[in-house]
Every structure is written in structure tokens, then in C-alpha cells.
Amino acid sequence: MIIHLKKGITSDQAEKFAEELKATRVQHNGTTILVTTTENGKLNGIGRDLVEKVYEFDSDIQLASADYMVSKREVAIGSQKVGGNLNNTLVIAGPCAVESAELVEKSAKFLKDLGVNALRAGSYKPRTSPYTFQGLGKKGLEILDSVRSRYGLSIVTEVKDSSHVGEVIEFADVIQVGAKAMFDYAILEACGKSNKPVMIKRGFGATAQELVQAAEFVLSGGNENVIICERGIRTFENSTRFTLDLSGAIYLKHKTNLPIFLDPSHGIGHAYGVPDLARSCMAIGVEGLLIETHPDPSNALSDSSQQLHHEDFKVLFTSLKKIGDAIGYQVV
Ligand code: PEP
Ligand code: MN
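Cut-offs applied
- For every chain, the first residue of the written sequence is number 1, and numbering continues from 1 along that sequence.
- Labels follow written order: the first chain is A, the first ligand is 1, and so on.
- For this predicted model, a pLDDT threshold of at least 70 governs which residues receive local features, and a threshold of 80 or more governs which side-chain atom pairs are given and counted, while totals over whole chains, interfaces and linings are taken from all residues.
- As a convention, hydrogens and water are excluded, and side-chain values are obtained from all of the structure's heavy atoms.
- Coordination partners: N, O, S within 2.8 Å of the metal, 3.2 Å for Na, K and Ca; water not considered, so apparent gaps in a site are possible.
- Only protein chains enter the accessibility calculation, which uses a 1.4 Å probe; a residue whose area is less than 20% of its type maximum is buried, one above 50% is exposed, and one in between is partly exposed.
- Any residue with a heavy atom positioned within 4 Å of a molecule or strand is treated as near that molecule or strand.
- Between N or O atoms, a polar contact is any pair within 3.5 Å; within protein, one atom must be a potential hydrogen donor and the other a potential acceptor, and residues adjacent in sequence are included only when both atoms are from side chains.
- Residue exposure ignores everything except the shown protein chains as possible cover, and the areas themselves are Shrake-Rupley values with a 1.4 Å probe.
- Using protein atoms alone on a 1 Å grid, points that fit a 1.4 Å probe yet trap it form a cavity, whereas open point sets bounded by protein on both sides within 12 Å along at least five of seven lines form a pocket; residues with an atom within 4 Å of a point count as lining.
- Assignment to a cavity or pocket requires that more than half of a molecule's atoms be within 2 Å of the site's grid points.
- Residues forming no salt bridge and having over 30% relative accessible area are the ones grouped into patches, like charges within 9 Å of each other and nonpolar side chains (Val, Leu, Ile, Met, Phe, Trp, Tyr) within 5 Å.
- A pair is scored as a salt bridge if a Lys or Arg side-chain nitrogen falls within 4 Å of a carboxyl oxygen belonging to Asp or Glu.
- Segments assigned H or I by DSSP are reported as helices when at least four residues long, segments assigned E as strands when at least two residues long, and all are numbered from the N terminus.
- Grid points are joined across faces, edges and corners, and a volume is the space filled by probe spheres set on the points.
- As used throughout, domain bounds are those supplied by an automatic or database domain assignment.
- Strand pairing is defined by DSSP finding a minimum of two bridges between the two strands.
- Residue polarity follows a fixed list, in which Ala, Val, Leu, Ile, Met, Phe, Trp, Tyr, Cys and Pro are nonpolar, Asp, Glu, Lys and Arg are charged, and the others, Gly among them, are polar.
- Only heavy atoms matter for contacts: two residues are in contact if any of them lie within 4.5 Å across the pair.
- Throughout, buried area stands for the accessible area (probe radius 1.4 Å) lost by two parts on being put together, summed over both.

Some words on the coordination of the manganese ion (ligand 2)
Coordination of the manganese ion (ligand 2) by the protein involves Cys96 (SG), His266 (NE2), Glu292 (OE) and Asp303 (OD), with metal-donor separations of 2.1 to 2.4 Å. Relative accessible area serves as the criterion here: at 8%, His266 is assigned to the buried category.

Notes on the site of ligand 1
Lining the immediate surroundings of ligand 1 are Cys96, Arg120, Lys125, Glu158, Gln176, Gly178, Ala179, Lys201, Arg231, His266 and Glu292. Between an oxygen atom of ligand 1 and a side-chain N or O atom of Lys125, the distance comes to 2.9 Å. In the model, an oxygen atom of ligand 1 is placed 3.2 Å from a nitrogen or oxygen of the His266 side chain. For ligand 1, whose accessible area on its own is 300 Å², the fraction buried by protein is 94%. Of the pockets mapped on this structure, ligand 1 occupies the largest pocket.

Here's the deal with a nonpolar patch on the surface
Taken together, Phe183, Tyr185 and Phe217 make up a surface patch of nonpolar side chains, about 300 Å² in accessible area. One can find Phe217 in helix H6 (residues 208–220).

Description of empty space enclosed by the protein
Within this structure, the stated rule accounts for one cavity of 30 Å³ or more. Put simply, the largest cavity is a space of about 90 Å³. In terms of lining residues, the largest cavity is bounded by Val26, His28, Ile33, Leu63, Tyr68, Met69, Arg73, Leu219, Gly222, Asn223 and Glu224. Each of two domains, domain 1 (2–55) and domain 2 (75–331), supplies a minimum of three residues to the lining of the largest cavity.

Some points on the pairing of strand E6 (residues 80–83)
Examined bridge by bridge, strand E5 (residues 74–77) and E6 share four bridges and lie antiparallel to one another. Among the inter-strand pairings, Val75 is bridged to a residue of E6, identified as Val82. Taking the residues that link successive antiparallel strands as the turn, the E5-E6 hairpin has two residues, and the phi of Gly78 there is positive, at about 60 degrees.

A short note on the layout of surface pockets
In this structure, the largest pocket spans a volume of roughly 400 Å³. If you go around the largest pocket, you meet 19 residues; those closest to its centre are Pro126, Lys180, Arg231, Arg241 and His266. Partitioned by chemical class, the residues of the lining of the largest pocket number five nonpolar, four polar and ten charged. Here the second largest pocket is characterised by a volume of approximately 250 Å³. As for the second largest pocket, its lining consists of Lys22, Thr24, Val35, Thr36, Thr37, Asp60, Gln62, Leu63, Gln213, Glu216, Phe217 and Ser220. The biggest single contributor to the lining of the second largest pocket is H6, with four residues. The residue inventory of the lining of the second largest pocket, partitioned by class, reads three nonpolar, six polar and three charged. Two domains each donate at least three residues to the lining of the second largest pocket, and these are domain 1 (2–55) and domain 2 (75–331).

With respect to the domain arrangement of the chain
Segmenting the chain into domains produces domain 1 (2–55) and domain 2 (75–331). A straight line from the C-alpha centre of domain 1 to that of domain 2 covers 35 Å. Listed per partner, the contact involves four residues of domain 1 and four residues of domain 2. Buried surface at the junction of domain 1 and domain 2, summed over both partners, amounts to about 270 Å²; 50% is from carbon and sulfur atoms. Area buried by domain 1 at its contact with domain 2 is led by Thr24, Val26 and His28, which between them contribute 80% of it. Taken together, the links from domain 1 to domain 2 amount to zero salt bridges. Taken together, the residues of the side of domain 1 that touches domain 2 break down into one nonpolar, two polar and one charged.

Quick look at the structure:
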């Protein structure tokens, strides 16, 4: 249940009421909002005179619910905006990992020349095996920083665990919370205290509801700039790396007020299929696409099989714009 308190309620009154209801307190544009778990049931008359408006839900998708906020939340990423009523699709591209300054330089130049505005590359890499490349850590962030200002690109980079969450929050234009970090509550809590855009990727064993609940942690912490990203879930199918849940993405698009990004690269896991899947993603009408591209994919230090050659990405990017034209979305 979400309760908007009347204007002019003192902080003491709000705190006492929140305690009675075991509610989380959130401030939004001068309004105090209390959020309780749906299991706490109805208001039962207590504190009624403090209440401006009540919203009831049948699940703990609350602040993120399309029933609470009919229009999508608008999120600014650098000079681009997504969400609201804008019908913008931000294409975020680049290598899986920051491997070297040369790779990032080459990628930034290629993307900027093409008209892409956001660069993705992970510096803290959450790898399944401890024996593979784990990322360059802080040094990688410094490399990304040097291209951000020179090329005017927004940087999307991931936080792997809470040991470096502050560093990534301070550095990134979009803080990427990876599929394996989706349930790391220290990360979610830290992101809630920031006002930077946070993109939470769906864990491959998480339901759509669980993904939104991860977003609720950040929203209820006070950060309204939350994006959720479908990147594939594990199913019985093993001919592709994961199964990109487009049905789930459409569910999220209609039932939540959050901008939706899709990641066809991790979804299918093989470069041959990324253009087809990326075009399918574009056709749904979403706020962003995350696509891995590398100047020399076969020698990439992570996710080598799914990264597109720059030339293939170029062709794909042109076709995405045409799909956008057909459905009334603009690639930004
Ligand atoms: C990535 O974007 O490179 C990545 C590691 O993604 P995910 O967390 O979805 O596996
Ligand atoms: Mn990757």
C-alpha cells in the first residue's frame, strides 16, 4: 500500500505514523510517501486525518507499478532522455569489458562517428569462472573516463559487488547492476541513496516480479532514476546461451512505470543471432538496447562469441532506426 501524506505534516508525525504502519518513508517533490507491504492490509482508520491519498496493490510491485504512476518515469542519461512520453530508444553499445585503453579508444571513436551516444564496457566483471579475465577494476574506470569527455559519450558500467559500489556510483552515467548482482541488497541500498540512473539486469533465475522488487529497493531508497533490463533467463533450451524473455519484457512494459532496456547480446549469446534478436527487441518499443560490439570479437577477453564486429553493428544500427520509424520510436 502506498500512502501519500497531506502537505504540512511534520516529520515527527510522519515518523510516528510510519512506525505504526511498519512503513518505509520516501520523499517525492515535497510529499511524504509511506509504503507498506501489501500484507499489512488496510489502513483501519489509524492516522486517517494525515492521509491525502491511498493506493492499494495486490503484490509488492508498488512504486514501480503502472497503476500508481500511469506515465513512464523519465530518466536522463547524459543529454539524452528516455521514458515519459518520449518514445526514445537509447542504443548503448561497446565491448563486454574494458580490456585496454586502445580498445576503449577504438570503440568510442567508432560509436561516436556512427551517432551512438552511450558506451557500455565493464571494468568489474562478474565472471562465472575465477580463472578468466576479471576486468581492470579502477584502472578501467579511469580509461572510460578519458573517452567520456573527449567523445561526449555517456558511460554505462557495472558494479560487481558492494566493495566498490561507491566508486562505480560516483563514476558511471548509468550504474549497471548485473544479473548476478540483482540480489545484492548492499548494492541496491547504495544505489537508492544516489540520484544517478541505475539499470538493474534481471537475474537469469529471477522472475519478472523479483526484478521489479529489486527496483523497488532502489525507488524506496529515494532514487527515482531506475531502469530494468531483460537480458535472458535460463530455460530448458540450451542451443542459445539464455532465452530472452520478450513476453516478460512486454509484461513489464505494460505493468510497470519503469523504462525497459533489452539486451539481445547476452540473451542469445551468439553473434550470428544478435541482429535478428536486436531488431525484434526494437520492434516492441522499449527505452533502450544494450548491444556488445568489439573490433576483434574472436580475441575478446570475455563474451567473445556474442560480440558483433563493428561492421555488422553498423548495418544493424541503420536497420534499428528504420524499425523505430515504423513504430514511432526514435533511436537516440
Ligand atoms: C554484461 O553486460 O557484460 C554482463 C555481464 O551482463 P549480465 O549481468 O546480464 O550477465
Ligand atoms: Mn558481456
